[in-house]
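Okay, here's what each chain looks like letter by letter:
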Amino acid sequence: MNMPATKIEVETAAPARAATPVVAMTPKRPPRSETYARVVRETAVRVIPPLVVIALLTLVWELVCRRTGSALPPPSKVFKDTRELIFDPFFDHGGIDKGLFWHLSASLQRVAFGYSLSAIAGIALGVLVGQSVWAMRGLDPLFQVLRTIPPLAWLPLSLAAFRDGQPSAIFVIFITSIWPIIINTAVGVRNIPQDYRNVAAVVQLNPLEFFAKIMIPAAAPYIFTGLRIGIGLSWLAIIAAEMLIGGVGIGFFIWDAWNSSHISEIILALFYVGIVGFVLDRLIAGLGKIVTRGTAQS
């Protein structure tokens, strides 16, 4: 027969061990000097190589073009001839006699308007072609034919239709940059994983919710690839179009400098054209990286 526990046994039972407090250890931050040194090293790795290449190319250009009979001026003469344009890009003497800032500004305004129209229309048509088999069969052959037409081939037709240089240049930008946006958007929509579509069907998303929550986020890397190609084509197209339509613009500035035999001004303008094109590409790439959380190509 089992005997009940005595009072003494109950009272002398060992008490439970109290839990010892746990102190969270925060990681030790590196000194600011090390952080600054790391930033300087990373910046140097990115900046020094292109600077070295540019310096070598400039030196070769100087040596080659300083020879007697050279058709192109060396960098030293380009700087001497265009010093006023470099240090005073904001002058405005009326008409087309303006500084490079105003020419670049006029070109960028045309690009902004035409490119915005092509981005809106291109994404919409790309979604339609990528989502609908019938739309792809009907429109894709037409797009493939039209996109092979050179940009300047559209200019006479646009001048005949609009009878004005400004809308004609904007139309050339639009028709040149829309094709890569359409094609890349369509590819991105067609490559949406089937699992995403299955989830959308399970939670019963309506078409608008599917477009906003599934389609656009999944296809965004492809869309921004098309947008980057499109902004580059837009900048190329406006330079060529402005050479023919005249007025204020960096393309017309280059053509006018050629007619005046100012080769140094042409070289300076080409330098600005390249810098602006690079900045536009980086802006679209940076925006794509933010929107896609780093999945778009940089």
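Above: the structure in question.
Below: a short report on this structure. (Residues numbered from 1 in each chain as written. Predicted model: local features only at pLDDT ≥ 70, side-chain atom pairs only at ≥ 80, totals over all residues. Heavy atoms only, no water.)

**Focus: the overall build of the protein**
Then, number 1: Counting its secondary structure elements, the protein contains twelve helices and zero strands.
Then, number 2: Counting helices and strands in the order they occur from the N terminus, the protein gives α-α-α-α-α-α-α-α-α-α-α-α.
Then, number 3: Taken across its 298 residues, the protein has 33% of its residues classed as buried.
Then, number 4: Intrachain contacts of the protein at a sequence separation of at least 6 include 66% that bridge at least 24 residues. (Helix = DSSP H or I, 4+ residues; strand = E, 2+ residues; numbered from the N terminus. Buried < 20%, exposed > 50% of the residue type's maximum accessible area, 1.4 Å probe, protein only. Contact = heavy atoms within 4.5 Å.)

**Describing the packing of helix α10 (residues 207–245) against helix α12 (residues 263–291)**
Then, number 1: Taken N-terminus to C-terminus, the directions of α10 and α12 make an angle of 160°; their axes are 9 Å apart at the nearest point. Taken together, α10 and α12 sit at an angle that is classed as roughly antiparallel. Considering the relative orientation of α10 and α12, their crossing is right-handed. Contacts from Phe224, Leu227, Arg228, Ile231, Trp235 and Ile239 in α10 reach Val273, Val276, Gly277, Leu280, Asp281, Arg282, Ile284, Ala285, Leu287, Gly288 and Val291 in α12.
Then, number 2: For the contact of α10 with α12, a count of residues per class yields twelve nonpolar, two polar and three charged. (Axes fitted to C-alpha atoms, helices over the stretch in contact; angles between N-to-C directions. Parallel < 35°, antiparallel > 145°, perpendicular 65-115°, else oblique. Left-handed = near helix turned anticlockwise from the far one by under 90°. Nonpolar A, V, L, I, M, F, W, Y, C, P; charged D, E, K, R; others polar.)

**A short note on the nonpolar core**
Then, number 1: Val111, Tyr115, Leu227, Trp235, Ile238, Ile239 and Ile250 are the most contacted members of the largest nonpolar core, which totals 36 residues.
Then, number 2: Listing elements by their share of this core, those giving two or more residues are α5 (100–131), α8 (165–190), α10, α11 (250–259) and α12.
Then, number 3: Leave out the neighbours within four places in its chain, and Trp235 touches Leu104, Ser107, Leu108, Val111, Ile250, Val273, Val276, Gly277 and Leu280.
Then, number 4: Listed in part, the eight residues of the second largest apolar core include Val129, Trp154, Ile175 and Trp179. (Core = buried A, V, L, I, M, F, W, Y, C linked by side-chain atoms within 4.5 Å.)

**A closer look at the packing of α5 against helix α6 (residues 133–146)**
Then, number 1: Running from N to C, α5 and α6 cross one another at 125°; their axes reach a closest spacing of 6 Å. Classed by the angle they form, the pair α5 and α6 counts as oblique. Within the contact between the two elements, α5 uses Leu125, Leu128, Val129 and Gln131 and α6 uses Val133, Ala135, Met136, Leu139 and Phe143.

**Some remarks on the environment of Glu209**
Then, number 1: Of note, Glu209 is situated in helix α10.
Then, number 2: Not counting residues within four places of it along the chain, the set of residues in contact with Glu209 comprises Gln204 and Ile214.

**Section: unusual backbone geometry**
Then, number 1: Positive phi outside glycine occurs at Arg163, with the angle close to 55°.
Then, number 2: In this structure, Gln204 takes a positive phi of about 60° despite not being glycine.

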